[in-house]
Every structure is written in C-alpha cells, then in structure tokens.
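In case you want the letters, here they are:
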Number of protein chains: 2
Amino acid sequence: MISNAVKEELRKIAGKDNFFDEIEERICYSYDGTTFKSKPDIVLKPANAQEVSHVLKVANREKIPVVPRGAGTGLSGGSVPIEGGIVLAMNRMKKILSIDEENLVAFVEPGVINEEFQKEVERRGLFYPPDPASQKMCTLGGNIAECAGGPHCLKYGVTRDYVLGLEAVLADGSIINTGGQVMKNVSGYDLTRLLIGSEGTLGVVTKIVLKLLPLPEDRRTILAAFSTMERAAETVSAIIASRLIPATLEFMDGVTVKVVEEFLKIGLPTTADALLLIEVDGKKEAVEIDYEKIMKICKDKGAVELKGARTSGERENLWKARRAVSAALGRICPLKLNEDVVVPRSKLPLLITKVKEICTEFGIKSANYGHAGDGNIHVNILIESRADDEMKKVEPALEKLYKEVVNLGGTISGEHGIGFLKSKYLALGAGVESVNVMRKIKDALDPNNILNPGKIFAVNPSSLSGEEKINSPRPSLTKRGDNSLSKGARKRVRGKE
Amino acid sequence: MISNAVKEELRKIAGKDNFFDEIEERICYSYDGTTFKSKPDIVLKPANAQEVSHVLKVANREKIPVVPRGAGTGLSGGSVPIEGGIVLAMNRMKKILSIDEENLVAFVEPGVINEEFQKEVERRGLFYPPDPASQKMCTLGGNIAECAGGPHCLKYGVTRDYVLGLEAVLADGSIINTGGQVMKNVSGYDLTRLLIGSEGTLGVVTKIVLKLLPLPEDRRTILAAFSTMERAAETVSAIIASRLIPATLEFMDGVTVKVVEEFLKIGLPTTADALLLIEVDGKKEAVEIDYEKIMKICKDKGAVELKGARTSGERENLWKARRAVSAALGRICPLKLNEDVVVPRSKLPLLITKVKEICTEFGIKSANYGHAGDGNIHVNILIESRADDEMKKVEPALEKLYKEVVNLGGTISGEHGIGFLKSKYLALGAGVESVNVMRKIKDALDPNNILNPGKIFAVNPSSLSGEEKINSPRPSLTKRGDNSLSKGARKRVRGKE
C-alpha cells in the first residue's frame, strides 16, 4: 500500500492532471496484449526525464514497484504491474524531436507510435525497418523494451540494430546517456544494448537516437501457395541458397490460411498447406531481377498458386491476408496463446512437424504463421474454452514445445520477450549460468528490485537450477481472468481495439 | 608474485608445452599495437574452454590478473598486462568449427584470423564484412573484445552486428553461452553485446557464432582527389543526400596523401588536400548505376582527379594507397599516436579544422585519414622525437581534441576501444553516470577484478566526477619505453611486422 503522503509527493511531481489512482484508470492500465491482469496502485504520466527521475527516487526510497508502459500491446505480460505499484505511462512523451537527414539519424521520445514514425521518415525518403504487427499502436519505447522485430527484420535486422543511443532513468533516479548519435562507438560497455530487450527491468527509456536508412527505391511482392509444408520450406531454403535475402519471407500454415479466407473472402487457396509471402526491395533494376528469380524458384518447387504484385495497390492486396491473421484467429477462438519461438530456418519443417505431434498428443489445436526467413514462427495455441481441463493441457504442451525448440538449436522468444509469461522457462532458453549473470546485473543496478519486478526472472530464484528450472512456479494459465474491461475503456488505453 | 605451487597448478592445466615463464616469452607478450609495454608473469596457451575455466578458477582464488590476448594488434593497450599476471594467448583455439551455408551462420574459435575467415566464407559465396586494417593478423576473438570496425562498416555495420552468440568464461570460471545461432533472440538481457567491446574485462570468449551475408555480386571503386577538404566533405554529404550508402567511403588528408605517395610512388595527386576512396557493391546492374551516379557527384563537386576501377586488378591498385597509410606514416616518424575519434559525418570539415587549430596551438603535426562515411577519423599525431618536451605537448593536445569531438556530438573511440590509452577519458566520452553503471557491472561479475585490470576504467575511480574526470591520473606518454623487442621476437608473436 502506498501512503497518502507518498501519493501526494508523486502527485506533485507529475501534476494533478497526470496522476491517477481511481479504479477506472487503474483498470485501464492493468493488462497488455496477453490475458494477464493486475491493477497498479497509481498511474503516472510523466512529461520528461526529470519527472521520471523524481518518481524513481521516491519509489526507490519507498520500495514501490514501477512498471514503464507504452501502448500495452506486448505479448509476454511485460507491462502488466503484477506486483501493483506505479505504472509509468510514457504516452505523453511522444515528440519526434528531430530528424537529421544529412546524418540519417532521428531523435525521438519513447511514446512515439512506430507507424507514425515510419510514415514521417518515409515522407523524407528515409526508412526505419522494424515493423512489429502492432505497429499502428505500439510505441518506440515499448519496441526497445522488448527488442521488437517484424517482417522486415529478415533483411534489415531488429530494433537493436537501429538504436544508436538512449537516455534512460535508472532505479536510483540517475539519468544516463548511452551510446551516442554516431555510427561507431566503443567507449566502454554497450549499455545501449543492455537496456534494449531488458523489458523495463533495468531502466526507463526517456529519449532514443535511431539510425535511418535510405528508403528502398522499389518493392515487389509474391504470394505463393504450396500443397505441403515441406515444399514451402524447400522454397525458403532454395531462395536463401541462391544467395538472395528478401526483405520479407513470411509464412502461414493451412489452418491459418483457411481461417483468414473465412474472415476476408479474398480467394486464398484454402486447400494449400502453406503460403509464403515474399517481398524484395532495393534498386528498381535489381528488384526486377530478384523478383523473376524468386518467381522461378517458386514455380520449380511446385507452387500451386502464384501471384505477383508490381504496383503498391496489388502489393497491399497480397499483404491483406498476412495482416488479418491475428484478427481472423481472434474471431474463431476466445483465447489464443501466441508463442514466439525461433529455430534455424532450415529446421522449420521439423518444427512444424513437432508442433503437429504435440497438438495431437495433448488434444489441442494450433495455427502457425510468422517469419519463415528468420525461422521465427508464431505458434498460436487455439483455446476453445476457458474450462480448467482445457487450460491444463496447454501448460505441458508449451513446455514440450520449448524443449523441442531448444533441441533444434532455437530460442523460446524471438520478438515478444520473456515478460511474465515465459519467466519460468528463461533458464531453459538462456542457460542457468547466463541467467545467474543476468540476475547479478539486475541486483547491481536495481538492488531494491523496484523496476518491473516479477518480469524476465522467475518468481522463485532458488528453483533455477538443473532440471528443476522448468518446474518452478509459473503464472498459472487458469489464473488469467476474463477480460472484464469495457470496450470504451480499452479504446482509451490502446487507441483502438 | 605467483608462487611456485600455483605456477605448477597452472602448468598442469595447460600442459608444459603451453606454459611459459621464461623472460623471452614474457617479453613477447608484453605489448600490443601501441607503445605500451608491461611483462606478464606467465603466458598460457589454452586449448579449450575447460582449460580457460580451470585457469580462471585458480586465478580468481589467488587474485592473479588474467589478460586474454589475440594477435596483439590492438591500438589502445587492451592486451598489455599492465599489472602482470597471466596472459591467456588464445591462438591455439583457431579452428573454423563449421559453416552452415543453409542458415548463413558460422561457428568459430576466437583465435581464427579475420582475413583467413573472410577468405574461407568468400570461397563459398558468402561474406563477413568487418575488416579492420589489421585483418591479415588480428583474430576474431580480438575483434569481439574491441568491437572492431573497418572500411566496410559504413554499409554493413561493425563486429557487434554479426555476432549471434558467444561461449565465454567468466572471472569465477563459469562457462556461459549467450545468444544463440538464430537471427532473433530476446531471452533475457543481451549478454552477447555486453561482452562485445568489453575488452576482456568481463569474460574470455572461447567460441563465436557469426552471421554471414551473401557475397555481393559486383564491386566498383572510385578514387577522387579534391583541392580542399571542404569540397571532399561536400561530396560525402552529397552522396549520402542522394540516398546512397556506399560499401566504403574512405578519406585521406593532404599530409597523408603526400606521405603515401613518397612511399609508394604510384602517382597520387600530391597537391590535393583531400582524397576519397569510394566503393559500391551489390547486384551488377545496381552497382553500375550507383557508380555512374557517384562519378557524376564527384565531378560536380570539382574533383581535381578521378579514377574508376571496374576490374579487381584496377580495384586493388586504388586500394593500395589506403592500405599503405599506416606503413608510410610509420616510415617518416618514429612514434605516431593513432587516435580514433568519431563525429556525425556532416561535422567532418569542422573536425578537421579543429585538428589543424590544435596542431598549430601545440606545435605538433598530424596526418588524418579514415572512414569519412562514418565520421570515424584516425587523427595521427606524428611525434618526431621522444624528448620529454615533445611528448609533453601531446597530452593536452589530445585532451583538447577529445573535448572538441564530444562538443561536436561525437565519441572518443569508434573502433580501437578505451583500453589503457583512453581510460582517463572514458567519462568524458560516456558520461560519469554511465561509467558508474559500467563499474557496477564489472564489480558484480568480477568482484576480485582479475580480468584485464586497469583497462577501460581509470586507475583512480574517486577522481571520476565533474571536471576532475579528465584530470585523473593517466598513463604518462613519457613512461612508454622504447620498443626493445628484437625483430625476430616480434615476428614470433605477430606472424609478421
């Protein structure tokens, strides 16, 4: 519980219009893109790094949890305040401070929406590639917290590859500047990348320096359907083997295709077992050559349907299916668990086979789609009811999936982060020794554990050894409540559904 | 001093053929590419991570400094054992373990020579871009310790952008695996990038997983001379403004051109005040277009001489001048201090003006060259004698240079690292608060400070505050001894001079 005196102190820092402790506001900031829910005691909307610093000094003195939050679109429970405390809603800090076209560098605040930033730089003939599916809503600060990816990251890399420097506030309220605004920098430890993907557990980002690229001159898109997953996977391998790295190389399995077609009715081949969405970009002349080369590879590998797009209108049409996946799946099933595993791309068919086996074994359904070029597949477990016995099947199925992924040389999260959802499995993915190192860093920088407590690391550290590591307490799926938030309230938080 | 009993213990770990405590061997491992010298007590050549782990356990117990070393080509004193102890020479661990062509990933040991690795992947039509000037000798492990760059890093990024995962041994002897072999990974803190550029102060890298690219189909090179630095800088800006990112965009100032021409006699325009070496790569058709575009920009900006290369032989000729810079400068002057500052590329003419002003003020000479596209310039202070009064001028001149660089929005090291040479200036470049965070991480992971002590951080931490930070004790230039090592002995360590 936070005392009235401390509440008053915090209200003064942010101003009364940016301090909230009414139940309505607390509910609005109690969840993210998962189904986890937990209310904060206070919501604060700081205006600048100084205010964040003051809040953290108070919170550190009083040992109050502080959870930084962007748009709340995260898929691992990262911004859910599971121990209550203060939610720092960073949405007021949403200025694009400057875009330096000569040096291809942008300075932004963390609350800037990813898509708005992309559009702003594109107007200047520039390009910021990371494009998570939530890009219409998610913030650049949130992207940094989770090291967000997206379809373009196959060719262009993830968020970490575009951050040159950060301003961040640490648990003790000190404001640090990491990296800089230049392309090369080896002045001490890489604190920039230590903060990226640290999910708000090490600091609150208050300013971001981003690297930009020239906007590719041209783009061409291909939609190719295959009768078997193996043929689609062979096509992916053949494209890479021909020394081509497309801008995107997206995949949907047969279940996903059917669900999307039912939703959109755009004539997708519902008998196909796998669909690839491939985009090449670059100089006009080079794009034409790559496009023809990939069309030929798809034909040679037996694509049962093949559509090409040259104009931006045609391109938009082909992307419709990929963009509708999440909404289409949400429509047929009240609860889906969006997993985010990665394997070496050549292991993709093996992964899909394993997923099917696991689903059969545990009597559950899945729809799989994602970034085939990266080997980063979103395995969506479709849960048809919230009945306890249905939910109980999922946990051991996921555990088995994670083990298979690690056996295939993969990792348990490519884009979504560990958050609360996968904290129990961190050691499985990263190794017990590495987790120990991470904990030492966390303890050194946040000794009172006020920054986003309960995230990344499992609640019970002592169980993090040997086989036990994956049997340690995990947030029970059955404890995830229904989402009782009204549509209006959700809108206020997320901007849209 | 290390007791005989401990020496015996260490000898047993590495085997008697890989344990050295004779003065000849100790001298061979007493220096790097700077003029610092300090002998280790023992040189050990481990064969694998287990041996490294055993050595570190003993060293940690006995509080003996351990300095990992690749080829000793570093330019910041990073591998010089300034507090004695054990040098871990990693050269025996030099296997390319595997190259996975399907997933574009390579597994290597840290002692692999950069150029040998590049050639091996090129034979398979693949590409590993980071290409420091010392690439014929330097090791991939050393590249990781310093986050090495090179001419290709303008378009392709630095070492950090190509490391997917590491195996490393920490101060307590624990062996950790960071990252993985997949392109995306957000499973806890980014320990991979925390180790990269940490200069051997946090761990000893024993295995490396590298990302590869397809080899560009074609390359074209342009050599352009300008009568003034301003015109060369305008050309750089015009190229980037035309939304082109060449593979390399190298620069030499007039002094450097003259010195190189005297050395090579290849007809360089010695009246030019600035020379640019520009290379474009990619698909044949796109390269042709970029090449013509850049030729036109150079002409429009008034290049006084312009040479293009289409064949690899012609290309090699143009690169000769750039590659000979270091040797040519070494020839005319007994001691040069190779600085490594970075500014936003648009600030390049300002930086060069400042360098000239500083040189005039302190009565010293400089030759400047480097990576214009990155704004990463090697300011070489040419020291004509080791007389005390000559040396004494250099220190305040460098201090002034660093301050100017920071004022211009730059950083004090782009490629060479902080090491011993710049430890006093770390806070100037990174900020006092960030340095405090780095120290906390170092203390948490290496509480006995056995891993490469005296590097990155200034010897006297208490002086690291406010203005005082740049007046704290720094290794005095006058203490750098003559290099008394025989030519034969040097050859044995470095492979070549």
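Residues numbered from 1 in each chain as written. Chains lettered and ligands numbered in written order. Predicted model: local features only at pLDDT ≥ 70, side-chain atom pairs only at ≥ 80, totals over all residues. Heavy atoms only, no water.

The next thing to look at is the interface of chain B and chain A. With 80 residues of chain B at the interface, the matching set in chain A holds 79 residues. Both sides together, the interface formed by chain B and chain A hides about 6600 Å², and carbon and sulfur atoms give 59% of it. Taken as a group, Lys184(B), Tyr189(B) and Arg243(B) account for 15% of the area that chain B buries against chain A, more than any other trio of residues on that side. A salt bridge links Lys184(B) to Glu415(A), with the shortest nitrogen-to-oxygen separation between them at 2.7 Å. Applying the counting rule to chain B against chain A returns 36 residue pairs in polar contact (both at pLDDT 80 or more). Going through the elements one at a time, β9 (175-179), α7 (191-195), α8 (229-241), α10 (284-300), α14 (426-430) and α15 (432-445) of chain B are the ones with two or more residues in the side of chain B that touches chain A. Examining the composition of the side of chain B that touches chain A, we find that 9 residues originate from one element, α15(B), more than from any other. (Contact = heavy atoms within 4.5 Å. Buried area = accessible area lost by both parts, 1.4 Å probe. Salt bridge = Lys/Arg side-chain N within 4 Å of Asp/Glu carboxyl O. Polar contact = N/O pair within 3.5 Å; in protein donor to acceptor, adjacent residues only side chain to side chain. Helix = DSSP H or I, 4+ residues; strand = E, 2+ residues; numbered from the N terminus.)

Time to look at unusual backbone geometry. Residues and elements named next belong to chain B. A positive phi angle, close to 65°, is found at Arg243, a residue other than glycine. Assignment of secondary structure puts Arg243 in the loop between α8 and β13 (248-253). Arg243 sits in the partly exposed class, given a relative accessible area of 23%. (Buried < 20%, exposed > 50% of the residue type's maximum accessible area, 1.4 Å probe, protein only.)

What follows concerns helix α11 (residues 312-332) of chain B. Residues and elements named next belong to chain B. With 21 residues, α11 ought to run about 30 Å at 1.5 Å a step, and its terminal C-alpha atoms sit 30 Å apart, in line with that. The largest bend along α11 measures about 50° and falls at Val325. What α11 keeps buried is the set Arg315, Leu318, Trp319, Ala321, Arg322, Ala324, Val325, Ala328 and Leu329. (Expected span 1.5 Å × (residues − 1). Bend = angle between axes of the 7 residues up to and from the residue.)

Before going further, it helps to spend a moment on the nonpolar core. Phe117(A) and Phe117(B) are the most contacted members of the largest nonpolar core, which has 198 residues in total. Other than its neighbours up to four places away in sequence, Phe117(B) contacts Ile96(B), Ala106(B), Val108(B), Val112(B), Tyr128(B), Leu140(B), Leu210(B) and Leu212(B). (Core = buried A, V, L, I, M, F, W, Y, C linked by side-chain atoms within 4.5 Å.)

Bringing the sheet that holds strand β4 (residues 86-89) of chain A into the picture now. Residues and elements named next belong to chain A. Ordered in space as β1-β2-β4-β3, the 4 strands form an open sheet in which the pairing is mixed. Each end of this open sheet is capped by a strand with a single partner; those strands are β1 (19-20) and β3 (66-69). Note that β3 and β4 share 4 bridges and pair parallel. From the neighbouring strand, Pro68 faces β4, where its bridge partner is Leu88. Across the sheet, helix α1 (residues 4-14) is in contact with β1, β2 (42-44) and β4; its angle to β2 comes to roughly 20°. (Pairing = 2+ DSSP bridges. Axes fitted to C-alpha atoms, helices over the stretch in contact; angles between N-to-C directions.)

Let us now look at the relation of the copies chain B and chain A. Both copies of the chain are related by one operation, a rotation about an axis with a shift along it. Take chain B, turn it by 180°, move it 0.0 Å along the axis, and it overlays chain A with an RMSD of 0.0 Å. The superposition operator between the copies reduces to a two-fold rotation axis. Most of the interface of chain B is mirrored in chain A, where 99% of its interface residues again form contacts. (Least-squares fit on C-alpha atoms with pLDDT ≥ 70 in both.)

The next point concerns the packing of aromatic side chains. Inspection of every chain in the model, using the stated rule, returns 12 aromatic pairs over all chains. With centroids separated by 5.6 Å and ring planes inclined at 85°, the aromatic side chains of Phe457(A) and Tyr189(B) adopt a geometry described as edge-to-face. Residue Phe457(A) is located in the loop between α15 (432-445) and α16 (487-494), and its partner Tyr189(B) is located in the loop between β9 and α7; the two belong to separate chains. Taking relative accessible area as the criterion, Tyr189(B) reaches 3% and is therefore assigned buried. Judged by centre distance (5.2 Å) and plane angle (70°), the ring pair of Phe117(B) and Tyr128(B) falls under edge-to-face. With Phe117(B) in helix α4 (residues 114-122) and Tyr128(B) in the loop between β7 (126-127) and α5 (140-146), this pair connects stretches of sequence that are 11 residues apart. Across the pair, exposure class does not vary: Phe117(B) and Tyr128(B) are buried alike. Through pairs of rings, three or more aromatic residues link up here, namely Phe117(A), Tyr128(A) and Tyr162(A). The cationic tip of Arg220(A) hangs over the ring face of Tyr291(A); the distance from NZ or CZ to the ring centre is 5.6 Å. The cationic tip of Arg69(B) hangs over the ring face of Tyr31(B); the distance from NZ or CZ to the ring centre is 5.9 Å. (Phe/Tyr/Trp six-rings, centres within 6.5 Å; stacked < 30°, edge-to-face > 60°. Lys NZ or Arg CZ within 6 Å of the ring centre and 35° of its normal.)

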